[in-house]
Amino acid sequence: MKGYIEDKEFGKIYVELRRGMTSVRFTYHPDGTLLMRAPLGVTVAELQRMVESSRERLRNLPKPEAVTFQAGQVIECFRCRVVIGSQNRMPGYILNHWEGDVLHLQVHENTDLADDGVKRTLSTVIARAMEVQAHAVLLPFARKVADELGLQPAGFEVGRGMRKLGHCTAKRVIQLSRNLMFLPEQLVRYIICHELAHLTHMNHSPQFHALCDQYCGGKEKELERQLRQFRFPILK
């Protein structure tokens, strides 16, 4: 089960209740939000008490690095890249064009790339470009992984989630976020394998994790650790 609780200090804390857990664990999601994993069955009041008792520890919990943009920056993506350059022709505009698998973004030379509004605009432009690219390269890759595993989902779709990077629907459709485009290939494959394992087990039981681990070549835990540590290059 997933949801969130509101906290006076930390704002929205996203909650995952998991069967088989015996303790609570806090981490920062790569998008900068605080994530709380707790045993299935705990109440909202109990979750709030857990936060209160962990407050000092949460203040010292390492946070994701801030998103930054700069002229000349290269953002490596899944089978493509983004290059940020400058232009002096059109103030207030972000010019963009593709050259093969490289997206060139040109921001006016007087633009303050440290400004939060500029960061958000750039993030939106890049995310939309990756959504288009996901149809071209991510979905074919996912179909190939499914074929290699001998699996036949009902279909694949591109979503937009940052916290929810993948989802297997009750109709056996695998939804993959456009934000997978920012991950290295081994983590893209891990998310795909995770969702494909849900075709057999629509839960996170030990049987599910055993199957996911099998699909991942015995590296599920290591890949999950890498995903938790990954820092997305755009704002959510």
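Reading the values: rules and limits
Residues numbered from 1 in each chain as written. Predicted model: local features only at pLDDT ≥ 70, side-chain atom pairs only at ≥ 80, totals over all residues. Heavy atoms only, no water. Helix = DSSP H or I, 4+ residues; strand = E, 2+ residues; numbered from the N terminus. Buried < 20%, exposed > 50% of the residue type's maximum accessible area, 1.4 Å probe, protein only. Lys, Arg positive; Asp, Glu negative; His and termini not counted. Charge placed at Lys NZ, Arg CZ, Asp CG, Glu CD. Pairing = 2+ DSSP bridges. Axes fitted to C-alpha atoms, helices over the stretch in contact; angles between N-to-C directions. Contact = heavy atoms within 4.5 Å. Core = buried A, V, L, I, M, F, W, Y, C linked by side-chain atoms within 4.5 Å. Arc of directions from axis to C-beta. Bend = angle between axes of the 7 residues up to and from the residue. Phe/Tyr/Trp six-rings, centres within 6.5 Å; stacked < 30°, edge-to-face > 60°. Disulfide = S-S within 2.5 Å.

Asker: Outline the overall build of the protein chain, listing residues and values.
Answerer: When helices and strands are tallied, the protein chain shows 6 helices and 11 strands. Seen along its three principal axes, the alpha-carbon backbone of the protein chain occupies a region of about 60 × 50 × 30 Å. Per-residue burial for the protein chain yields a buried fraction of 47% across its 236 residues. Between the averaged position of the 33 positive side-chain charges in the protein chain and that of its 26 negative side-chain charges there is a distance of 4 Å.

Asker: Any chance you could break down the sheet that holds strand β8 (residues 102–108) for me, citing the residues and the numbers?
Answerer: The 4 strands are arranged β5-β6-β8-β7 in an open sheet whose pairing can be described as mixed. With partners counted over all chains shown, the strands left at the sheet margins are β5 (74–77) and β7 (94–99), one partner each. Strand-to-strand twist of the sheet, defined as the mean angle between neighbouring strand axes without regard to direction, takes the value 20°. Bridging between β5 and strand β6 (residues 80–87) involves 4 bridges; their strand directions are antiparallel. Paired with Cys77 across the strands is Cys80, a residue of β6. Contacts from helix α3 (residues 116–148) reach β5, β6, β7 and β8 within the one sheet, and its direction differs from that of β7 by about 25°.

Asker: Lay out the nonpolar core with the relevant residues and their values.
Answerer: Ile126, Met130, Leu176, Leu183 and Leu196 are the most contacted members of the largest nonpolar core, which totals 57 residues. With near-sequence residues (within four places) excluded, Leu196 lies in contact with Val145, Ala146, Leu149, Leu151, Pro153, Phe156, Ile174 and Tyr215. Within the second largest apolar cluster, 15 residues are counted, among which are Tyr28, Val42, Leu47 and Val51.

Asker: Account for helix α5 (residues 206–215), with residues named and values stated.
Answerer: Within an α-helix, residues lying three or four positions from one another point in the same direction, as the helix has 3.6 residues per turn. When α5 is considered as a whole, its buried residues turn out to be Phe208, Leu211, Cys212 and Tyr215. Here the buried residues of α5 occupy an arc of 100° about the axis, which is enough to place them on one side. Opposite the buried face of α5, by more than 90 degrees, sit the exposed residues Pro206 and Gln214. Of the residues one or two after α5, Gly217 is the one with positive phi, at around 70°.

Asker: Describe α3, with residues and values.
Answerer: The sharpest bend along α3 measures roughly 50° and falls at Ala134. Immediately beyond the C-terminal end of α3, within one or two residues, lies Gly150, with a positive phi of roughly 70°.

Asker: Tell me about the packing of aromatic side chains, and please be specific about residues and values.
Answerer: Under the criterion given, the structure shown has 3 aromatic pairs. Seen from their ring centres, Tyr4 and Tyr14 are 5.9 Å apart, and the 50° between their planes marks the pair as tilted. In this pair, Tyr4 sits in strand β1 (residues 2–7) while Tyr14 sits in strand β2 (residues 11–18), placing the two residues 10 residues apart along the sequence. The exposure class assigned to Tyr14 is buried, which follows from its relative accessible area of 17%. Here the aromatic rings of Phe78 and Phe141 are separated by 5.2 Å at their centres, their planes lie at 65°, and the arrangement is edge-to-face. Of this pair, Phe78 sits in the loop between β5 and β6 while Phe141 sits in helix α3, and the two are 63 residues apart along the sequence. Owing to a relative accessible area of 2%, Phe78 belongs among the buried residues under this scheme. Take Phe141: its relative accessible area is 6%, and that puts it in the buried class.

Asker: Account for the side chain of Gln133, naming residues and giving values.
Answerer: Residue placement: Gln133 occurs in helix α3. For Gln133, the contacting residues outside a window of four places in its chain are Cys80, Trp98, Leu138 and Met181.

Asker: Outline the state of the cysteines, listing residues and values.
Answerer: For the coordinates displayed, the defined rule picks out 0 disulfides. Among the cysteines around Cys80, which has no disulfide bond, Cys77 carries the closest sulfur, lying 4.7 Å off. Cys80 sits in the buried class, given a relative accessible area of 5%. Looking at the unpaired Cys193, the closest cysteine sulfur is the one in Cys216, lying at 4.5 Å. Overall, the relative accessible area of 0% leaves Cys193 in the buried class.

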